[in-house]
Structure formats: structure tokens, C-alpha cells
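# Observations on the three-dimensional arrangement
So you can see what is in the structure, the chains are spelled out below.
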Amino acid sequence: MVPETAAAPETSATAESAVTPTGLLARLVAIDSVNPDLVPGGAGESAIADYCGGWLAARGFELHRLEQHPGRPSLVALVRGTGGGRALMLNGHLDTVSLAGYDGDPLEPRIRDGRMHGRGTFDMKGGLAAMMVAAARATADGPLRGDVVLALVADEEHASFGTEEVLESFTADAAVVVEPSHLEVTLAHKGFAWFDVEIVGRAAHGSRPELGVDAIAKAGHFLVALEDLGRRLAKGPAHPLLGTGTVHASVIRGGEEPSTYPAHCRITLERRTVPGEHADRVEQELTSLLDHLTATVPDFAYRLTRGLHREPFEADPQAPVVRTLTHHATLALGHPPVVRAEPFWTDCALLDRAGIPCLLFGVDGAGAHAATEYVDLASLDLLTDVLTATVRDFCC
Ligand SMILES: [Zn+2]
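None of these values were measured; they are calculated from a predicted model.

## Considering the overall build of the protein chain
The helix and strand inventory of the protein chain stands at 9 helices and 20 strands. Principal axes of the C-alpha set define a box for the protein chain whose edges measure 80 × 60 × 45 Å. A burial count over the protein chain gives 49% of its 396 residues as buried. In the structure as shown, the protein chain presents an accessible area of about 17,000 Å², 54% of it carried by carbon and sulfur atoms. Of the charged side chains in the protein chain, 32 are positive and 53 negative, and the gap between their average positions amounts to 3 Å.

The structure is reproduced here in C-alpha cells:
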């Protein structure tokens, strides 16, 4: 007879030493670092920055704590080079998404079947632990010729002000963003641009159609045209890794009460972009669409406002950092790593815009932003080895 629950051997992970990636990861998972801009009242990055700062200071790193936003620190930890070598930055974020809705205790790291479970194990405290241990190992016998720079940043899960703050004061010759990528090399991702379109009508009593202009009905023309734009984008030239750009409506608001012609209808939309599609160009695309409606639909009037936009990202596959990391990943994996692209935006775009060639490479696992989350511990060790070798080679 088979027992109803074949209990897999499970161990508490905090018994492991904090000098191994697994042991350090267990410490990091146990520290609440929920992004308070995502979850009101979230713990923020102070406690985890304190812990990481202590860990890195004990290993001889020069520490810089950046805190333009109180309670939302980023850390830069350096081992300065002896001179004449290239500087490499490893970038990882300290914040996580919500603990609510997690299946089990999100802050208690548990190891089962070669996986560690807990919020942030995959996205991305695994990567943080790997980059800290790798930088410590690569410089254990003394500084290299180039600087080794660790950027442990706040707020990646919301607006990425952490990496922006780091880039105001620090740079490097190249960077690796250690977000989870299933040990595949990510060389491109999409960008996005948000827009508000306000359709302007004229308020009037519902019994006086000769006075009113129905902004909601006019907005319908715009939504039909927007869907048509989406179809045209889907048929357009595709990026080899990312496909085409897309567009969708996100929020709509308008109207006052049943018996009044609505004077305003506001639509927020999002345009996801591929390399080559800059925000100016996609704004022009929307302006021509809206101008066409103004010319062809009676009483159509609009105001277009551009909101947050983030550029798409594409690495040069021949960049020295890409070649160096790919070489060491090939040795560790026993085959060349898969090259991939992501539909979502990452801090790579900010580094690239700052003139720092970069790529994304991180652990295997699953459950980013989901009810259970885990990292594959063999991939964590492999990532640490690849990063250690990459740092030694690039900064030598
Ligand atoms: Zn992440």
C-alpha cells in the first residue's frame, strides 16, 4: 500500500553556512524585502541591504549606500582593481513582490528535491547570492587588475529607481544582470511606452443632443483604430528574437451620470516596443492615427500625453562581456547556452543606455510572482561558477 503522502525529505535551509550560495540564499530569503511601492506597508530594502552590506564588508568590499528614497537603499560594493584592467558590474535587485497569497511561509526557505522554495528564491535572491559569492571568490586572493562592482539595487519590481541611482555615480566597462534566465543567455528584450489619450466631447443634458458631444462614443472610434493598429503591427517586420511590437488599451474612464453627455473619456494604453522602435516614433504613429480620426469623424477631438517609457534592449553578440560569459557558460554546461530574448523589460536597458554593454544570465527555477517559487540549487552553483570565472577573466 502506498502512503497517501510520500513525504519528500525536506530540510530547513538556514542551517547551511552563509559562505556557500545556498547558505547565503537561505539568509536572504528569510529577510522580508517586499517592494512598498507594489504593496503598501511593504518592508523595503533596508534590512536586506544591512545584511548584504555586513556580509560584503566582512570580505573586504568597499561599500557605498545610496538612499535618495528613504528606506529604499541600493548598495554598491567594490573591489578596486590594481589598474589596467576592465571593470565589470554584476547587477541584482534586493526587492521582491508580495508575500500575500504565497503557499506556505514565504520567508522560511525549505530545501526539497534539490530545490529551495521561498519568496524571492528565483526572482532574484538566488542571483544575488550567486553574484556576492562569485565576486568574493574571484577576489579572495587579492584585487584583480580591473574593478569588480556589485550593484544591489532597490525597486526593480516597480520603477527601477535603484539602478538609475547607481548609474548616476558608478559605471563599468560591462555588466551582467543576474535575473533568472534558466541558465540561458538573454541578449534582447522589449521596451514599453505608456500614453494617455483624452477624447474631448461636450457636456450637455441628455435631452439636448444638439448641444452635446458624446466623448465615450467618440472614444469607440479610437479603440477600433487602436485594434487595427495592433493588427498592422503584427503583420509588420519582425525582430528575429522578439517578434513585432504590440499595442493594447489598459484603462478607460469617462462619464458622470446617466442623463449627461460625457465631456471626457480618458484611455490609457501601452505600446510594447522592439529594438528600433523608439518612443518618439510610436508617439508619431499614435498622433497620425488620431489626426486621421479628427479629419474623418465629426466632432472628434483629443489630447495625447506620453507617460513612462522604457527603451527596448539588444546586446551586441560580439561584445567582449557576451563572449566571455558565453565561453564560461559553455564550459560549465558542456554545451553552448541557449540564446533567448524576453518579452518583459529589465534593468539591462538602463545599463545599455548608460553606455555599459550588458547581458542577462541567471538561475533556473520557477514561480516568479506566483504562489510558490523555487530555485534549482544545481543551477545556483553553476551560475556562481560561471560568474566567478567571468569576473576573473574579464577583470584580469
Ligand atoms: Zn527580478
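## Details of the sheet that holds strand E12 (residues 246-254)
Ordered in space as E12-E14-E10-E15, the 4 strands form an open sheet in which the pairing is antiparallel. Across the chains shown, the open sheet's two edge strands, defined by having one partner strand only, are E12 and strand E15 (302-310). Each strand axis lies, on average, 20° off the axis of its neighbour in the sheet, ignoring direction. Bridge analysis of strand E10 (residues 191-200) against E15 gives 7 bridges, and the strand direction is antiparallel. Following the sheet pairing, Phe192 is matched in E15 by Arg310. Contacts between helix H6 (residues 279-296) and the sheet are confined to E10, strand E14 (264-273) and E15, with E15 contributing the most and set at about 160° to the helix.

## Looking at helix H5 (residues 215-235)
Between the first and last C-alpha of H5 there are 31 Å, a value that for 21 residues agrees with the 30 Å anticipated at 1.5 Å per step. Regarding H5, the residues found buried are Ala215, Lys218, Ala219, Phe222, Ala225, Leu226, Leu229 and Leu233. The buried residues of H5 occupy one face: seen down the axis, they fall within an arc of 120°. What points out from H5, more than 90 degrees from its buried face, is the exposed set Val224, Glu227, Ala234 and Lys235.

## Some points on the packing of aromatic side chains
Inspection of every chain in the model, using the stated rule, returns 2 aromatic pairs. Centroid distance Phe192 to Trp345: 6.4 Å. Interplanar angle 80°. Geometry classified as edge-to-face. Of this pair, Phe192 sits in strand E10 while Trp345 sits in the loop between strand E17 (339-342) and helix H8 (348-353), placing them 153 residues apart in sequence. We classify Phe192 as buried; its relative accessible area is 9%. Among the residues examined, Trp345 registers a relative accessible area of 12% and is labelled buried. Put simply, the rings of Phe192, Trp194 and Trp345 touch in pairs and so form one group of aromatic residues.

## Overview of the packing of helix H1 (residues 21-29) against helix H9 (residues 377-394)
Axis separation between H1 and H9 bottoms out at 10 Å; the angle between their running directions is 110°. In terms of their interaxial angle, H1 and H9 are classed as roughly perpendicular. Together, Pro21, Thr22 and Leu25 of H1 and Leu377, Leu380, Asp381 and Thr384 of H9 make up the contact between the two elements. Counted by class, the contact of H1 with H9 contains 4 nonpolar, 2 polar and 1 charged residues.

## Brief notes about the nonpolar core
Core analysis: the biggest nonpolar cluster contains 85 residues, and Leu88, Leu150, Leu152, Val176, Leu325, Phe361 and Leu387 have the highest contact counts within it. For this core, the element with the highest residue contribution is helix H3 (residues 121-138), accounting for 12 residues. In terms of nonpolar packing, the next biggest core, distinct from the first, is built from 22 residues, Phe195, Ala215, Leu269 and Leu289 among them.

## Some remarks on the coordination of the zinc ion
Under ideal tetrahedral coordination, the four donors around a metal are separated by 109.5 degrees; under ideal octahedral coordination, the six donors are separated by 90 or 180 degrees. Distances from the zinc ion to its protein donors, namely His93 (NE2), Asp123 (OD), Glu179 (OE) and Glu179 (OE), fall within the range 1.9 to 2.7 Å. One way to put it: the 4 donor atoms around the zinc ion meet at angles of 52 to 153°, and that makes the site irregular. The sequence pattern formed by the donor residues of the zinc ion is H-x29-D-x55-E. Taken together, the positions of Asp123 in helix H3 and Glu179 in the loop between strand E8 (174-177) and strand E9 (185-189) put the pair 56 residues apart, joining distant regions of the chain. Residues Asp123 and Glu179 agree in their burial class; the two are buried.

## So, empty space enclosed by the protein
The final tally for this structure, using the stated rule, is 1 cavity of 30 Å³ or more. Its boundaries defined by the atoms lining it, the largest cavity holds a volume of some 30 Å³. Along the walls of the largest cavity sit Arg310, Glu311, Trp345, Ala349, Leu350 and Arg353, which together make up its complete lining. Sorting elements by how many residues they give to the lining of the largest cavity places H8 first, with 3 residues. Its residues placed into classes, the lining of the largest cavity shows 3 nonpolar, no polar and 3 charged.

## Structural notes on the domain arrangement of the protein chain
Structurally, the protein chain comprises domain 1 (5-189 + 312-394) and domain 2 (191-309). With 11 residues of domain 1 in contact, the opposing surface of domain 2 contributes 10 residues. Interface of domain 1 and domain 2: buried area, both sides summed, is about 740 Å²; carbon and sulfur atoms make up 73% of it. There are 0 salt bridges connecting domain 1 and domain 2.

What counts, and at which threshold
Once a new chain begins, its residue numbering starts again from 1 and follows that chain's sequence as written. Residues qualify for local features only when their pLDDT is at least 70, as the model is predicted, and side-chain atom pairs are given and counted only at 80 or more; totals for whole chains, interfaces and linings, by contrast, use all residues. Calculation of side-chain values draws on the structure's entire complement of heavy atoms; hydrogens and water are dropped beforehand. Helical segments are the DSSP runs of H or I of at least four residues, strand segments are the runs of E of at least two, and each set is numbered from the N terminus. Burial classes: relative accessible area under 20% of the type maximum marks a residue as buried, over 50% as exposed, and values in between as partly exposed (1.4 Å probe, protein chains only). Where accessible areas are quoted, they stem from the Shrake-Rupley method and a 1.4 Å probe; at the residue level, only the protein chains shown are allowed to cover. Under the convention used here, Asp and Glu are negative, Lys and Arg are positive, and both His and the chain ends fall outside the count. Where a charge lies is defined by one atom per residue type: Lys uses NZ, Arg uses CZ, Asp uses CG and Glu uses CD. The criterion for strand pairing is that DSSP finds at least two bridges linking the strands in question. Axis definition: a line fit to C-alpha positions, over the contact stretch in the case of helices; interaxial angles, taken between N-to-C directions, run 0 to 180 degrees. Should any heavy atoms of two residues lie within 4.5 Å, those residues are considered in contact. A helix is expected to reach a length of 1.5 Å times the quantity of its residues less one. The arc in question is formed by the directions pointing from the helix axis toward the C-beta atoms. For this analysis, a ring pair means two rings from Phe, Tyr or Trp (six-membered ring only for Trp) whose centres lie within 6.5 Å, classed as stacked if their planes differ by under 30 degrees, edge-to-face if by over 60, and tilted for the remaining angles. Note that the term roughly parallel is reserved for angles under 35 degrees, roughly antiparallel for angles over 145, roughly perpendicular for angles of 65 to 115, and oblique for everything else. Each residue is assigned to one class: nonpolar for Ala, Val, Leu, Ile, Met, Phe, Trp, Tyr, Cys and Pro, charged for Asp, Glu, Lys and Arg, and polar for all the others, Gly among them. Throughout, nonpolar core names a set of buried Ala, Val, Leu, Ile, Met, Phe, Trp, Tyr and Cys residues whose side chains join them through atoms within 4.5 Å. Only N, O and S atoms count as donors, using a 2.8 Å cut-off from the metal and 3.2 Å for Na, K and Ca, and because water is excluded some sites may appear unfinished. In this scheme the shape depends on donor count and angles: four donors with every angle between 85 and 135 degrees give tetrahedral, four or six donors with opposite pairs above 155 degrees and others between 65 and 115 give square planar or octahedral in turn, and any other case is irregular. As defined here, a cavity is a set of points on a 1 Å grid over the protein atoms alone where a 1.4 Å probe fits but cannot get out. A pocket is an open set with protein on both sides within 12 Å along at least five of seven lines, and residues line them when an atom is within 4 Å of a point. Grid points are joined across faces, edges and corners, and a volume is the space filled by probe spheres set on the points. What fixes the domain bounds is an automatic or database domain assignment. The buried area of a pairing is the accessible area, by a 1.4 Å probe, that goes missing from both parts when the two are put together, added over both. Criterion for a salt bridge: a side-chain nitrogen of Lys or Arg within 4 Å of a carboxyl oxygen of Asp or Glu.

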